[in-house]
Amino acid sequence: MAAITAGMVAELRGKTDAPMMECKKALTEADGDMAKAEEILRVKLGNKASKAAARIAAEGIVAVSISADGKTGAIIEVNSETDFVAKNDEFIALANGSAALVAEKNPADVAALSALPMGEGTVESTRTALVGKIGENMSIRRFVRFEGQGKLFSYIHGGSKVGVVVDLVGGDEQLGKDLAMHIAASKPKSLDASGVSAELLETERRVAVEKAREAGKPEAMLEKIAEGTVQKYLKDVTLLGQVFVKAADGKQTIEQLLKEKGASVAAFTLFIVGEGIEKKVDDFAAEVAAQAAAAAAKK
């Protein structure tokens, strides 16, 4: 049996907002497996436990560069240790300059981007010089380059914490802007069901079955209930299935909107700063105890 520490309980509580004792019970049941414990809480408490996916766990910004004709572009995430540095003009210039280089030069990966010329040196030398000047680590985490089938549109939100690029075929400027804004607000995982991993769907199905079983539903109904839950989930997480945030009737889906406008979405990318990065979880009680012990030892 794995030892369940206060830090593990605090981390799970931070991810789920579940009561402390429920977190401890779930971790004990899962033998310390954080992902399994989160799933157990979802069965007991519902989707409240999945909110961790949208949490920002690191600082930095998302930057976008799109050519004048809207045919090529790039979106990039550059991380820093603190939000203070993320607002620094030189840090922002590094991110914007790197996005422009990705769009123009099409580097294969972050290493190739880092070797490209920037200013009097390279992207990497510019980054390291800035690290030395500010005294805080920063890194280029990821980027995506676009060669649009249609025209590229972008949207940056929340102090550059959320960024979107969408490739719209057909339609008009307003539709492109609206779609980019919708993606930033609704955070779809993929364009349609084909882009949702089988693992995610299986998790949703399994959670639905267990919740229905705990609610006393007949065994013969469990699969039907699970299938309905999966279909609802797909509507929630796929761009085409989502209800348009500006829909006048509150019902029109993105798929219906695009059909009405004679347009389609070829691709999109959504970056949320720090998504998927684990921040250090400080055990303040242990830290205070350690400081007290150290002070006592000096007496």
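J.: Describe the environment of A3, and please don't skip the residues or the numbers.
T.: Inspection of the secondary structure assignment puts A3 in the segment before α1 (6–16). By relative accessible area, A3 is classed as exposed at 61%. Note: C-alpha distance between A3 and D31 (28 residues apart in sequence) is 8.1 Å.

J.: A description of unusual backbone geometry should follow, citing residues and the corresponding values.
T.: Look at S160: it is not a glycine, yet its phi comes out positive at around 70°. Note on placement: S160 falls in the loop between β6 (151–157) and β7 (162–169). Given a relative accessible area of 24%, S160 falls into the partly exposed group. Its identity as a non-glycine residue notwithstanding, K187 has a phi of 50°, on the positive side.

J.: Residue-level account of the sheet that holds β7, with values.
T.: Reading across the sheet, the three strands line up as β6-β7-β8 and stay open at both edges, with antiparallel pairing between neighbours. Bordering the open sheet on either side are β6 and β8 (264–272), each of which pairs with just one other strand. Between one strand axis and the next, the sheet turns through 15° on average, direction left out of account. With seven bridges connecting them, β6 and β7 associate as antiparallel partners.

J.: An account of the pattern of salt bridges is requested, with residue identities and associated values reported.
T.: This model, assessed by the stated rule, comprises 18 salt bridges. Residue R145 is joined to E147 by a salt bridge in which the shortest nitrogen-to-oxygen separation is 2.8 Å. Of the residues examined, E147 reaches a relative accessible area of 57% and is grouped as exposed. Counted as one network, the salt bridges with shared partners bring together E59, D83, K87 and K161.

J.: Describe helix α10 (residues 219–237), and please don't skip the residues or the numbers.
T.: Over its 19 residues, α10 runs 28 Å from end to end, which matches the ideal 27 Å to within 8%, given 1.5 Å per residue. Within α10, burial applies to L222, A226, V230, Y233, L234 and V237. All buried residues of α10 lie within an arc of 105° about the axis, which places them on one face of the element. Seen from the open side of α10, the exposed residues pointing more than 90 degrees away from its buried face are A220, K224, K232 and K235. Buried residues along α10 sit in contact with α9 (198–214).

Definitions and cut-offs
- Residues numbered from 1 in each chain as written.
- Predicted model: local features only at pLDDT ≥ 70, side-chain atom pairs only at ≥ 80, totals over all residues.
- Heavy atoms only, no water.
- Helix = DSSP H or I, 4+ residues; strand = E, 2+ residues; numbered from the N terminus.
- Buried < 20%, exposed > 50% of the residue type's maximum accessible area, 1.4 Å probe, protein only.
- Pairing = 2+ DSSP bridges.
- Axes fitted to C-alpha atoms, helices over the stretch in contact; angles between N-to-C directions.
- Salt bridge = Lys/Arg side-chain N within 4 Å of Asp/Glu carboxyl O.
- Expected span 1.5 Å × (residues − 1).
- Arc of directions from axis to C-beta.
- Contact = heavy atoms within 4.5 Å.

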